[in-house]
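Here are the chains, one letter per residue:
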Amino acid sequence: MFVKEKDCTPVTLENGAVRTIKGYINDMMVVELKWQKGQEGAVHSHPHRQCGYIISGTYEANVNGEKQILGPGECFYVEADVPHGLLALEDGVTLDIFTPYREDFVK
């Protein structure tokens, strides 16, 4: 499977971040998020495991109440049903990898 940028549809979320699904199969999904300084992914949980990879920008990541500042090339991992969130400390881009894929994102 190949994914071309022209075939992806960005969606602006309630918090203002822009989410673009880059592709998925039944047990994996890759999602790009574009953030502006101050935008927040509120603490939440879901039944999917997740890796958040920082492409650019700086973020305060909160995983189960533990906070770390992360920058380009760094990442965080979240087990299923663990509370987590992200605060953009500057403009940037992150990549989220989910397993299994997020059915709620494609409905």
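Preceding block: the structure.
Okay, so let's go over this structure. (Residues numbered from 1 in each chain as written. Predicted model: local features only at pLDDT ≥ 70, side-chain atom pairs only at ≥ 80, totals over all residues. Heavy atoms only, no water.)

1. What to know about the packing of aromatic side chains
If you walk through the whole model with that rule in mind, you get three aromatic pairs. With centroids separated by 5.0 Å and ring planes inclined at 15°, the aromatic side chains of Y24 and Y101 adopt a geometry described as stacked. On the criterion of sequence distance, the pair formed by Y24 in strand β2 (residues 18-25) and Y101 in the loop between β10 (92-99) and α1 (103-106) is long-range, its members being 77 residues apart. Overall, Y24 belongs to the partly exposed group, its relative accessible area being 36%. The positively charged end of R19 is found above the aromatic ring belonging to F105, 3.8 Å away from the centroid. (Phe/Tyr/Trp six-rings, centres within 6.5 Å; stacked < 30°, edge-to-face > 60°. Helix = DSSP H or I, 4+ residues; strand = E, 2+ residues; numbered from the N terminus. Buried < 20%, exposed > 50% of the residue type's maximum accessible area, 1.4 Å probe, protein only. Lys NZ or Arg CZ within 6 Å of the ring centre and 35° of its normal.)

2. Remarks on the sheet that holds strand β5 (residues 49-56)
Strands sit in the order β1-β2-β3-β10-β5-β8 across an open sheet of six strands; the sheet is antiparallel. A single partner strand is all that each edge strand has here, and the edge strands are β1 (11-12) and β8 (75-78). In the sheet, strand β3 (residues 28-35) pairs with β10 via seven bridges, with the strands oriented antiparallel. Bridge pairing in β10 places E32 opposite L95. (Pairing = 2+ DSSP bridges.)

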